[in-house]
Amino acid sequence: MYSLTEEDIENAKQILNECIDAAMASDKDKIDELSDKFDEAYYHISTQSTIATIVYYCDTSDEEASAQYDFAHDAYTDLYDVYIESMRKMYKESPIADYIFADWSQEDIDYLLAYSDEESALRDANNDIVIQYNDLPQSSFDDDAALLYAQLVTNNNKIAELNGYDSYYVYTNRCYSPATLGELVDALDLNNTISFGTLS
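Residues numbered from 1 in each chain as written. Predicted model: local features only at pLDDT ≥ 70, side-chain atom pairs only at ≥ 80, totals over all residues. Heavy atoms only, no water.

## Some points on the nonpolar core
(1) Moving on: In this structure, Phe38, Met90, Ile100 and Phe101 are the most contacted members of the largest nonpolar core, which totals 38 residues.
(2) Moving on: Those elements that place two or more of their residues in this core are helix H1 (6-24), helix H2 (28-58), helix H3 (63-93), helix H4 (97-100), helix H5 (106-114), helix H7 (141-162) and helix H8 (168-172).
(3) Moving on: The greatest single-element share of this core, amounting to 8 residues, is contributed by H1. (Core = buried A, V, L, I, M, F, W, Y, C linked by side-chain atoms within 4.5 Å. Buried < 20%, exposed > 50% of the residue type's maximum accessible area, 1.4 Å probe, protein only. Helix = DSSP H or I, 4+ residues; strand = E, 2+ residues; numbered from the N terminus.)

Set out below in structure tokens:
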């Protein structure tokens, strides 16, 4: 059942502020306590965002569901940005950063340091594109949907570039693929198996 409130968001942000204070004070016990509290708060907000999304897509004409979807998505995105900034501050300034980030991989650290307002804005734009797509009139659906899809692809590839990858496909499959499409083609020997427009 959907129950997300502004108080839930503010509570999670307050926990992050307390995390920063504890990190700067080198209070490991407090960090552990607050980390568990934030995980619970973040899970609740993430779950509520998922519920709002499912309800919205069941009937995109439902105004209440649409309002809940917009609020939940904006709240989740905003909290994520605050989380990134808080973790970045702790990583750069806390005397116990090694303790706080002991379980983070180098890839996680690289992403933390690379995440930017530009990427956040691109992800917000993508969400707006999805909403526009769902509201397209049938009379111009094909042409307008193609334009929206093209913009989505452009935004996603820009997100990949900001994170050091040359395409969104490779970026989202980076655990399984080389860092560039060229390397992927070589690794899979695609030049000898397929070409544009043909399969051999």
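## Describing H7
(1) Moving on: With 22 residues, H7 should reach 32 Å at 1.5 Å per residue; the first-to-last C-alpha distance of 31 Å fits that figure.
(2) Moving on: In this fold, the buried residues of H7 make contact with helix H6 (117-134) and H8. (Expected span 1.5 Å × (residues − 1). Contact = heavy atoms within 4.5 Å.)

## Focus: the confidence of the model for the chain
(1) Moving on: Counting all residues, the mean pLDDT for the chain is 84, and 86% of those residues have values of 70 or more.
(2) Moving on: Scored below 50 in pLDDT, residues 190-200 shows 8 contacts in the model against residues more than four places distant or in partner chains. (pLDDT = per-residue confidence, 0-100.)

## Quick word on the packing of aromatic side chains
(1) Moving on: Enumeration over the complete set of coordinates arrives at 11 aromatic pairs.
(2) Moving on: Between Phe38 and Tyr83, the aromatic rings sit 5.6 Å apart at their centres with planes inclined by 5 degrees, giving stacked as the arrangement. In this pair, Phe38 sits in helix H2 while Tyr83 sits in helix H3, placing the two residues 45 residues apart along the sequence. Each member of the pair, Phe38 together with Tyr83, is buried.
(3) Moving on: Measuring from ring centre to ring centre gives 6.1 Å for Tyr57 and Tyr69, while their planes differ by 70 degrees; the resulting arrangement is edge-to-face. Taken together, the positions of Tyr57 in helix H2 and Tyr69 in helix H3 put the pair 12 residues apart, joining distant regions of the chain.
(4) Moving on: What makes Tyr57 partly exposed here is its relative accessible area of 38%.
(5) Moving on: Given a relative accessible area of 5%, Tyr69 falls into the buried group. (Phe/Tyr/Trp six-rings, centres within 6.5 Å; stacked < 30°, edge-to-face > 60°.)

## Remarks on the packing of H3 against H6
(1) Moving on: Where H3 meets H6, the closest approach of the two axes is 11 Å, and the angle between their N-to-C directions is 170 degrees. Here H3 lies roughly antiparallel to H6, going by the angle between them. Read as a crossing pair, H3 and H6 show a hand that is right-handed. Between H3 and H6, the residues in contact are Tyr69, Asp70, His73, Thr77 and Asp81 and Ser120, Asp124, Asn127 and Ile131, respectively. (Axes fitted to C-alpha atoms, helices over the stretch in contact; angles between N-to-C directions. Parallel < 35°, antiparallel > 145°, perpendicular 65-115°, else oblique. Left-handed = near helix turned anticlockwise from the far one by under 90°.)

## Quick notes on the side chain of Ser49
(1) Moving on: Note on placement: Ser49 falls in helix H2.
(2) Moving on: Take Ser49: its relative accessible area is 10%, and that puts it in the buried class.
(3) Moving on: With sequence-adjacent residues up to four places away left out, Ser49 is seen in contact with Ala72, His73 and Tyr76.

## Topic: the environment of Met1
(1) Moving on: Mapped onto the secondary structure, Met1 falls in the segment before H1.
(2) Moving on: Classification of Met1 as exposed rests on a relative accessible area of 88%.
(3) Moving on: Taking the C-alpha atoms as reference points, Met1 and Val55, 54 residues apart in sequence, are found 9.9 Å from one another.

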